[in-house]
Amino acid sequence: DNIYISKQGSQGNRKWSSVSFIPTAESSSILTLNVVGDNRVGAVHYYNISRPDNDKLRNQLIFEGSGSITVADTDFRTGTYSAAGSVTGYYSNHFDSAIGNADTDGYENCYGIVINSGVIYAGTTKAENSTAIGGGGNGYGEVIINGGVVTAVASTTGTAIGGGIGFNAAGGKGYVEINGGNIYAYNNENAYGIPSSAIGGAGSSSKSGSLGTVIVNDGYVYAYSALGTAIGGGSSKTKNGGSATI
C-alpha cells in the first residue's frame with residue numbers, strides 16, 4: 001500500500017530485488033501481491049525455472065488488488081552499450097526482466113506469472129535491453145493475464161510480455177494467455193537492430209527466433225513492435241524467424 005522501493009540487484013545475475021519470490025522447485029508455493037494505493041518498485045524478481053506436469057505442484061506469482069504498481073528502473077541512470085551487447089556503467093535490470101527472472105545460468109526461465117486485477121506497469125529502457133514481463137536472458141516466459149490494466153513497455157531484443165532477451169544465443173520462448181483485461185504491449189526499437197515481438201517469443205542476432213504461443217480468449221489487446229511481430233514468434237537479424245501459435 002503506497003510503497004516506494006528502488007532496489008533491483010546487480011545486472012545480469014540478480015538474485016534478489018525490491019520484491020523477491022524464490023520458491024524451491026516444484027513446491028506449489030504462491031506469493032500474492034495485493035496491490036493497494038500507488039506503488040513503485042525497481043523490479044519484482046521471481047525465480048521459477050520449471051513447470052511440473054502436475055498443476056498441484058506449480059509455483060505462482062499472482063498480482064491482484066484495486067491499486068497500481070509500477071515496476072521500472074528507479075535510478076534513471078543511462079548506460080553506454082556496444083554492438084557486441086556489453087553495457088558499461090549501468091547496473092539496473094540489464095538482461096533481467098522487470099517482472100520475472102534473471103540472466104544468470106539456471107535462473108532464466110520463469111513460469112507462473114499471473115495477473116488477476118490491478119493496474120500493472122512494467123517498463124525497461126534501451127540500455128537495460130530487458131523483457132518487461134516474463135523470462136530473464138534467453139529464458140522461457142509464461143504469463144497469464146485474467147484481468148486488470150497491464151502496460152508493458154520495452155526497447156529490447158526480448159519481448160514486452162513473454163520470452164527473455166536474446167543476443168548471440170536464442171531468446172526465450174514465450175507463452176502468454178489472456179483471458180480478460182486491457183493489455184498494452186510496446187516493444188520499441190532496441191540498440192542492436194534485432195527484431196523481436198511485443199507479445200510472444202524473443203529474437204536473436206545469430207540464432208533463429210524463438211517460438212511464441214499466444215492465446216487470447218477475451219479482453220482488449222494492443223500490441224506494437226518496431227522491428228518484429230506484434231504478436232507471435234521472435235525474429236532474427238541473420239537467421240529464420242521463430243514459429244508461432246496464436
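Residues numbered from 1 in each chain as written. Predicted model: local features only at pLDDT ≥ 70, side-chain atom pairs only at ≥ 80, totals over all residues. Heavy atoms only, no water.

**Brief notes about the overall build of the chain**
Broken down by element type, the chain carries 0 helices and 23 strands. In terms of overall size, the chain behaves like a compact globule, its C-alpha atoms giving a radius of gyration of 16 Å where 246 residues would be expected to give roughly 18 Å. With respect to the principal axes defined by its C-alpha atoms, the chain has extents near 45 × 40 × 30 Å. The buried share of the chain, taken over its 246 residues, is 55%. In the chain, the share of contacts with a sequence separation of at least 24, taken over all contacts with a separation of at least 6, comes to 80%. (Helix = DSSP H or I, 4+ residues; strand = E, 2+ residues; numbered from the N terminus. Rg over C-alpha atoms; globule rule 2.2 N^0.38 Å. Buried < 20%, exposed > 50% of the residue type's maximum accessible area, 1.4 Å probe, protein only. Contact = heavy atoms within 4.5 Å.)

**Points about the packing of aromatic side chains**
For the structure shown, the criterion picks out 5 aromatic pairs. Between the aromatic rings of phenylalanine 21 and tyrosine 46, the centroid separation amounts to 5.6 Å while the plane-to-plane angle is 5°, which identifies the pairing as stacked. You can see phenylalanine 21 sitting in strand β2 (residues 19-21) and its partner tyrosine 46 sitting in strand β5 (residues 44-46), a full 25 residues away along the chain. Classification of tyrosine 46 by relative accessible area gives buried; the value is 0%. Taking 4.8 Å as the distance between ring centres and 10° as the angle between the ring planes, the aromatic pair formed by tyrosine 111 and tyrosine 140 counts as stacked. One end of the pair, tyrosine 111, is in strand β11 (residues 110-115); the other, tyrosine 140, is in the loop between β13 (133-134) and β14 (141-145), with 29 residues separating them in the sequence. The class of tyrosine 111 is buried, set by a relative accessible area of 14%. On the basis of relative accessibility, which here comes to 23%, the residue tyrosine 140 falls in the partly exposed class. (Phe/Tyr/Trp six-rings, centres within 6.5 Å; stacked < 30°, edge-to-face > 60°.)

**A closer look at the sheet that holds strand β3 (residues 30-35)**
On the basis of which strands lie adjacent, the open sheet formed by 7 strands has the order β3-β6-β11-β14-β17-β20-β23 and parallel pairing. If you trace the sheet from one side to the other, it starts and ends with β3 and β23 (244-245), each paired once. Direction of pairing for strand β20 (residues 212-216) relative to β23: parallel, over a ladder of 2 bridges. Its bridge partner being in β23, threonine 213 is matched across the sheet by threonine 245. (Pairing = 2+ DSSP bridges.)

**A look at the environment of glycine 106**
Within the secondary structure, glycine 106 is located in the loop between β10 (99-100) and β11. In sequence terms glycine 106 and isoleucine 49 are 57 residues apart; their C-alpha atoms lie 7.4 Å from each other. If we ignore the near neighbours within four places in the chain, the residues touching glycine 106 are Tyr47 and Ile49.

**Brief notes about a nonpolar patch on the surface**
The grouping of Tyr220, Tyr222 and Tyr224 at the surface amounts to a nonpolar patch, some 300 Å² of accessible area in total. Position of tyrosine 224 among the secondary structure elements: in strand β21 (residues 220-225). (Patch = residues over 30% accessible without salt bridge, like charges linked within 9 Å, V, L, I, M, F, W, Y side chains within 5 Å. Areas by Shrake-Rupley, 256 points an atom, 1.4 Å probe, with all protein chains shown as cover. Salt bridge = Lys/Arg side-chain N within 4 Å of Asp/Glu carboxyl O.)

**Observations regarding the pattern of salt bridges**
Counting across every chain of the model gives 2 salt bridges. When the shortest N-O distance is used, the salt bridge between arginine 51 and glutamate 142 registers 3.1 Å. Of the two residues, arginine 51 is situated in the loop between β5 and β6 (60-65) and glutamate 142 in strand β14; the sequence distance between them amounts to 91 residues. Since its relative accessible area comes to 4%, glutamate 142 is described here as buried. With a closest N to O distance of 2.3 Å, arginine 58 and glutamate 142 form a salt bridge. With a gap of 84 residues between them, arginine 58 in the loop between β5 and β6 and glutamate 142 in strand β14 connect regions that are remote in the sequence. Each of Arg51, Arg58 and Glu142 takes part in one network of salt bridges that share partners.

**A word on the sheet that holds β10**
Pairing within the open sheet is parallel, and its 7 strands lie in the order β2-β5-β10-β13-β16-β19-β22. Single-partner strands in this sheet number two, and they are β2 and β22 (231-232). Bridge count between β5 and β10: 2 bridges; the pairing is parallel. Note on β10: the bridge partner recorded for valine 44 is isoleucine 99.

**As for the side chain of asparagine 101**
Considering the arrangement of structural elements, one finds asparagine 101 in the loop between β10 and β11. Classification of asparagine 101 by relative accessible area gives buried; the value is 0%. Among the polar contacts listed, one links the side chain of asparagine 101 to the backbone oxygen of asparagine 109, at a separation of 2.6 Å. (Polar contact = N/O pair within 3.5 Å; in protein donor to acceptor, adjacent residues only side chain to side chain.)

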